[in-house]
Amino acid sequence: MNLEVKIGKLILKNPVMTASGTFGYGQEYAEFIDLNRLGAVVVKGLSLLPKVGNPPPRIIETPAGMLNAIGLQNIGIEKFISEKVPFLLGFDTSVIVNFFGDSVEEYVKAAGRLSSVDGIHGLEMNISCPNKQAGWCIFGTDPKVTSQVVGAVRRETDLPLIVKLSPNVTDISLMARVAEEAGADALSLINTLTGMVIDIKKRRPVLGNLTGGLSGPAIRPVAVRMVYEVYKAVKIPIIGMGGIMSAGDALEFMIAGATAVAVGTANFIKPSSTVEILDGIVSYMEAEKLEEISSLTGAAHAG
Amino acid sequence: MSRYFRARIKSNLPLNRNHRLLSLVNMERMKDPLPGQFYMLEVSKGNDPLLKRAFSLFRRTSEGFDILYRIQGKGTALLSEMKEKTELDVLGPLGSSYPAPVAGETPVIVAGGIGIASVYSLIEQVRGSAYLLYGAREKDDLFMLDELKAMAREFFISTDDGSHSVRGSVIDMLKGFLSERTSSEQNIVIYACGPRPVLKEVASMADAKGIRAHVSLEEHMACGIGACLGCVVKVKGQEQAGEGSSLYKRVCKEGPVFDAGEIEW
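Residues numbered from 1 in each chain as written. Chains lettered and ligands numbered in written order. Predicted model: local features only at pLDDT ≥ 70, side-chain atom pairs only at ≥ 80, totals over all residues. Heavy atoms only, no water.

## Overview of the packing of aromatic side chains
Residue and element names in this part refer to chain B. Scanning the model with the defined rule gives 13 aromatic pairs over all chains in all. Relative to Y120, the ring of F58 has its centre 4.3 Å away and its plane inclined at 35°; by these criteria the two rings are tilted. Of the two residues, F58 sits in the loop between strand 4 (53–56) and strand 5 (59–60) while Y120 sits in helix 2 (residues 116–125), which places them 62 residues apart along the sequence. Judged by its relative accessible area of 0%, F58 falls in the buried class. According to the relative accessible area criterion, Y120 is buried, its value standing at 2%. (Phe/Tyr/Trp six-rings, centres within 6.5 Å; stacked < 30°, edge-to-face > 60°. Helix = DSSP H or I, 4+ residues; strand = E, 2+ residues; numbered from the N terminus. Buried < 20%, exposed > 50% of the residue type's maximum accessible area, 1.4 Å probe, protein only.)

This is the structure:
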């Protein structure tokens, strides 16, 4: 059985990755699972300088999901390189670094710095920034700006470049095509859907940031549909994510068109989710007598 | 020995209208908890509620551990309906613990309402040496009084409605205690768990008297292990440091027990 999948020039030993922001820098989960078993570890989003993040409350549970407004709190790229990369180097898994910036220049600088470090196998650009005030974040919603920022980062790095798309757009296929044309090697979708919960006693939004990003099983059908649509629109591989809780969920994404999958919110509920999902995928392949995991990608589009 | 294991419900006893005592038996080897640490418990097999729920360790038992909890939302309501022999996923023990008092220190333990759950095992640990101040809304919301009395050096109780002992808040008691005893008792160190406003008062009183106070905070949590950064609390003095990420600390990782002086109340 062959579980290998290709994301640009990056070969993952299997299609199960972690979703950025749900897995810390890997260390937090090393006690609970064998990180060597993962196709890739995608770390919490990083910026050139550390970020304090949003005021609390930052999370609120919703039906079959949760809203988060962490505000991209992170330790900054330099601290990540000096303190976290050495730990990750000890594992036989691909390390993909999610990063973002406040300007095209910052994106480019961040990508350049990360590309100079041994032990980083790929970059995932967050152009969604779901927790920013409206009007600020246009990298993921204005095709012209998306093209500009992805193109600029593309020229700066030779690492496999994954662009993580926001679902908070009218036409995600358009955004996918724009990212592909600007040089992305792969696409991650979907990021969280913007939402809000109101405290009816205080008559105010619950979250400190007012809005947050919805994740968990509640968003899965939306995410599967978007993967299905984007698969038809682009030629580059898709990493599917959005409420994957089980192997069956992961397989849905692959059959819709994903080459790999990322497990997010499920890590919070069960720290062993990723490896259990991997085991479940293997069982499915055995039961279905499949030799190549990649043969499932986009199977829903056949005939 | 893992901090992620299965446990079986031995009993889930009603203590009053909305409080339960849950006794869990670990089905795999578990790590010994420290006073003040907490567990994340699975309260539903389905997707709603989705997340585990955080509960203070109440006490270690010979077979596992106990949780004392108040039914206050969907998760705890589901937990309260779980029968004996139900198995659930457990993550823990997690977070920081109450630093044990050192020789020459006099522990003063303050519990407001369900906060008793968090300090109970500390009271066990310092058996015989701690002053205990325990306040609740009413008589019915006071638990384990005989056990606590047997373990406390002196035991002070108050209720908001006066239905048991002194009428008033646990803060009133602490105020009285400190003004009376600060001169006679050496090196008082306060340990407190209760509603946020109570802890804020404890912090300011301790600060005014130059007393060290350890408080246990509560926040909504998703992961419980420091990954999601959802349960943060603001801490003092880091605003201009440029060390952005240290403006907030995680209740699940650096906490739940913090030095009261560290918190930006």
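## Things to note about the sheet that holds strand 11 (residues 193–195) of chain A
Residues and elements named next belong to chain A. What the 4 strands build is an open sheet, ordered 5-6-14-11; its pairing is antiparallel. The open sheet has two free edges, formed respectively by strand 5 (59–62) and strand 11, since each of these has just one partner strand. Strand after strand, the sheet turns through a mean of 35° between neighbouring axes, direction not considered. (Pairing = 2+ DSSP bridges. Axes fitted to C-alpha atoms, helices over the stretch in contact; angles between N-to-C directions.)

## So, the pairing of strand 10 (residues 154–159) of chain B
Residue and element names in this part refer to chain B. Relative to strand 10, strand 9 (residues 131–136) runs parallel, the two sharing 6 bridges. The partner of G135 across the bridge, within strand 10, is S158. A crossover connection joins strand 9 to the parallel strand 10 through helix 3 (residues 145–151); in handedness this β-α-β unit is right-handed. Strand direction decides the pairing type here: strand 10 and strand 11 (residues 166–167), joined by 2 bridges, are parallel. Opposite S158, over in strand 11, you have V166 as the bridge partner. (Right-handed = clockwise from strand over helix to strand, strands pointing away.)

## Digging into a nonpolar patch on the surface
On the surface, a nonpolar cluster with roughly 410 Å² of combined accessible area is contributed by A:M196, A:I198, A:I200 and A:L210. Counting through the fold element by element, A:L210 comes out in the loop between strand 13 (204–205) and strand 14 (212–215). (Patch = residues over 30% accessible without salt bridge, like charges linked within 9 Å, V, L, I, M, F, W, Y side chains within 5 Å. Areas by Shrake-Rupley, 256 points an atom, 1.4 Å probe, with all protein chains shown as cover. Salt bridge = Lys/Arg side-chain N within 4 Å of Asp/Glu carboxyl O.)

## Considerations on the packing of helix 7 (residues 247–256) of chain A against helix 9 (residues 273–287) of chain A
Residue and element names in this part refer to chain A. Close contact between helix 7 and helix 9 brings their axes to 8 Å; oriented N to C, the two are set at 65°. Between helix 7 and helix 9, the interaxial angle falls into the category roughly perpendicular. At the point where helix 7 passes helix 9, the crossing takes the right-handed sense. In this structure, helix 7 uses A247, A250, L251 and I255 to contact helix 9, whose residues at the interface are I277, G280, I281 and Y284. Of the residues that constitute the contact of helix 7 with helix 9, the class distribution is 7 nonpolar, 1 polar and no charged. (Parallel < 35°, antiparallel > 145°, perpendicular 65-115°, else oblique. Left-handed = near helix turned anticlockwise from the far one by under 90°. Contact = heavy atoms within 4.5 Å. Nonpolar A, V, L, I, M, F, W, Y, C, P; charged D, E, K, R; others polar.)

## Overview of the environment of B:L57
All names here are of chain B. Checked against the element boundaries, L57 lands in the loop between strand 4 and strand 5. On the accessibility criterion, L57 (2% relative accessible area) is buried. Spatially, the C-alpha atoms of L57 and S121 are 7.7 Å apart, while their sequence positions differ by 64 residues. Beyond its immediate stretch of four places on either side in the chain, L57 contacts P33, L34, Q37, F38, Y39, F65, D66, I67, A117, S118 and S121.

## Focus on the interface of chain A and chain B
Each side of the interface is counted separately: chain A has 38 residues, and chain B has 29 residues. In total, about 2,700 Å² of surface goes out of reach between chain A and chain B, with carbon and sulfur atoms giving 63% of it. Our count for the chain A to chain B interface comes out at 2 salt bridges. Salt-bridge contacts for B:R53 lead to A:E61; the nearest nitrogen and oxygen are separated by 2.8 Å. Counting across the chain A and chain B interface gives 6 residue pairs in polar contact (both at pLDDT 80 or more). Ranked by residue count, the leading element in the side of chain A that touches chain B is strand 5 of chain A, at 3 residues. Here the residues of the side of chain A that touches chain B sort into 18 nonpolar, 12 polar and 8 charged. (Buried area = accessible area lost by both parts, 1.4 Å probe. Polar contact = N/O pair within 3.5 Å; in protein donor to acceptor, adjacent residues only side chain to side chain.)

## Focus: the sheet that holds strand 8 (residues 106–112) of chain B
Residues and elements named next belong to chain B. One open sheet accounts for 7 strands, arranged 11-10-9-8-12-13-16; its pairing is mixed. Strand pairing shows two members of the sheet lacking a second neighbour, strand 11 and strand 16 (257–259), which therefore form its edges. Two elements, strand 8 and strand 12 (residues 188–193), share 6 bridges in a ladder whose sense is parallel. In the sheet register, V108 faces strand 12, and the bridge partner there is I190. Sheet strands in contact with helix 2 are strand 8, strand 9, strand 12 and strand 13 (212–216), and its direction is about 155° off that of strand 8. Packing of helix 4 (residues 170–181) onto the sheet brings it into contact with strand 8, strand 9, strand 10 and strand 12, and relative to strand 9 it is tilted by some 155°.

## Brief notes about helix 3 (residues 104–115) of chain A
All names here are of chain A. With 12 residues, helix 3 ought to run about 16 Å at 1.5 Å a step, and its terminal C-alpha atoms sit 16 Å apart, in line with that. Taken as a whole, helix 3 has its buried residues at V104, Y107, V108, A110, A111, G112 and L114. Check the buried side of helix 3 and you find it contacts helix 2 (77–88), strand 7 (94–99), strand 8 (122–126) and helix 4 (143–156). (Expected span 1.5 Å × (residues − 1).)

## Observations regarding the pattern of salt bridges
In this structure the tally under the stated criterion is 25 salt bridges over all chains. Ionic pairing is found between A:D279 and A:R37, a salt bridge with its closest N-O pair at 2.7 Å. One end of the pair, A:D279, is in helix 9; the other, A:R37, is in the loop between helix 1 (27–30) and strand 4 (40–46), and 242 residues separate them in sequence. Classification of A:D279 as partly exposed rests on a relative accessible area of 36%. What makes A:R37 partly exposed here is its relative accessible area of 32%. In this structure, B:E87 and B:R6 form a salt bridge, with 3.5 Å as the shortest nitrogen-oxygen distance.

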